[in-house]
Amino acid sequence: MKTDGYRNDDVLYERAAAVIRDTNNGIAVTGAGISVESGIPDFRSAGGLWSRYPPDQFATMEAFTQNPDKVWEMWYELAESLQGVEPNPGHYALAKLEEEGHIKAVITQNIDALHHHAGSNTVIEYHGNADKIACTACFRQRDMDLSHRALGAPRCECGGVMKPDVVLFGEVIPEYALRTSDMLARGCDVLVVVGTSAQVYPAASLPFLAKESGATIIECNTEPTNFTNVVTDIFLQGPAGETLPALTALVVGESDGGN
Ligand code: APR
């Protein structure tokens, strides 16, 4: 397969495809980078969300408690940016690998639900989901409602302040997501890690857990990360909307990676 541009080495793609083709026990771990080509900015790249909304002021439980209206300014903007976004070929490629029986779960740090919309069935939302909000007093849940934006932080019928049902810095990962992800990472043969800067724990521990258990780590990113020269076996450099379909095409033997 001869292509120009970012494709760093067909041998790497062939090796990665062979590893994935030979397993029915693979998992994927994704970060904000896989959704960039769907029009959602990531957090730490130039111009990312944190460059406009410093996380210590907008994404910690402490900041939320001190000034929920201010924190909600960012979450309303993020929720608005998620309106109408669509999965990109990277999401569809992972759904295809699940359909073909090679990837049995996607563990995502993303809160945009795009893996679900792309057809992935087993998706673990490690940091929650922006579609829902929950009361900080009685834990009652309801849908995110942008029509209340002018009112600041939404209130619950019980009087409590509602927060996006996502994991803020300083909060714990939901027990189910934490335990299931650990178990999957420790038990898989192949872990494909896509579009994450490998800076936020405990999500960033998953490739290390998989590696310790003998798994092959395939990394897809536009640039090297803290994983690349430490735990990654095969690094496919480029945008996920192109690297994953190219990889999937080799695995399933189709021209377009199943999109
Ligand atoms: N294709 C592949 N990778 C990409 C692309 C792309 N099109 N665009 C950007 N990337 C890469 C960047 O190089 C970077 O390594 O995606 C990564 C995005 O990193 P972050 O912005 O740090 O996002 P993420 O790793 O998901 O952050 C983890 O931190 O802020 C918290 O809760 C938030 O879930 C998030 C967590």
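Here the structure is shown first, and the text comes after it.
We now turn to the structure provided with this report. Computed from a predicted structure; not experimentally measured. Residue numbers run consecutively from 1 along every chain, following the written order of its sequence. Owing to the predicted nature of the model, reporting of local features is limited to residues with pLDDT of at least 70; listing and counting of side-chain atom pairs is limited to 80 or more, with chain, interface and lining totals taken over all residues. Excluded from the side-chain calculation are hydrogens and water; included are all heavy atoms of the structure.

1. Comments concerning the site of the ligand
Counted only if it meets this: Being near a molecule or strand, for a residue, comes down to having at least one heavy atom within 4 Å of it. Think of a polar contact as two N or O atoms within 3.5 Å of one another; within protein, one of them needs to be a possible hydrogen donor and the other a possible acceptor, and neighboring residues in sequence only count if both atoms come from side chains. Note on areas: Shrake-Rupley with a 1.4 Å probe; residue coverage comes only from the protein chains shown. Here the nonpolar group is Ala, Val, Leu, Ile, Met, Phe, Trp, Tyr, Cys and Pro; Asp, Glu, Lys and Arg are the charged ones; every other residue, Gly included, is treated as polar.
Taken together, 23 residues lie around the ligand, and F43, R44, T196, S197 and N221 are the ones closest in. With respect to the ligand, the side chain of H127 contributes an N or O atom lying 2.9 Å from an oxygen atom. Here an oxygen atom of the ligand sits 3.3 Å away from a polar atom, N or O, in the main chain of G195. Protein burial of the ligand: of its 730 Å² of free accessible surface, 94% is covered by the chains. Within the shell around the ligand, the residues separate by chemical class into 8 nonpolar, 11 polar and 4 charged.

2. Details of the packing of helix α6 (residues 89–99) against helix α10 (residues 240–252)
So the rule is basically this: To define axes, lines are fitted to C-alpha atoms, for helices over the stretch in contact only, and angles between the resulting N-to-C directions are given on a 0 to 180 degree scale. The helix and strand labels rest on DSSP assignments: H or I over at least four residues marks a helix, E over at least two residues marks a strand, and numbering proceeds from the N terminus. An angle below 35 degrees is read as roughly parallel, one above 145 as roughly antiparallel, one from 65 to 115 as roughly perpendicular, and any other as oblique. Put simply, a crossing is left-handed when the front helix is turned counterclockwise from the back one by less than a right angle, and right-handed when it is turned clockwise. In what follows, residue pairs with any heavy atoms lying within 4.5 Å of each other are defined as contacts.
Interhelical geometry of α6 versus α10 gives an angle of 25 degrees and a closest axis separation of 7 Å. As the angle between them shows, α6 and α10 are arranged roughly parallel. Remark: the crossing between α6 and α10 carries left-handed chirality. Here P89, G90, A93, L94, K96 and L97 of α6 come into contact with α10, specifically with A240, G241, L244, P245, T248, V251 and V252. The class makeup of the residues in the contact of α6 with α10 is 9 nonpolar, 3 polar and 1 charged.

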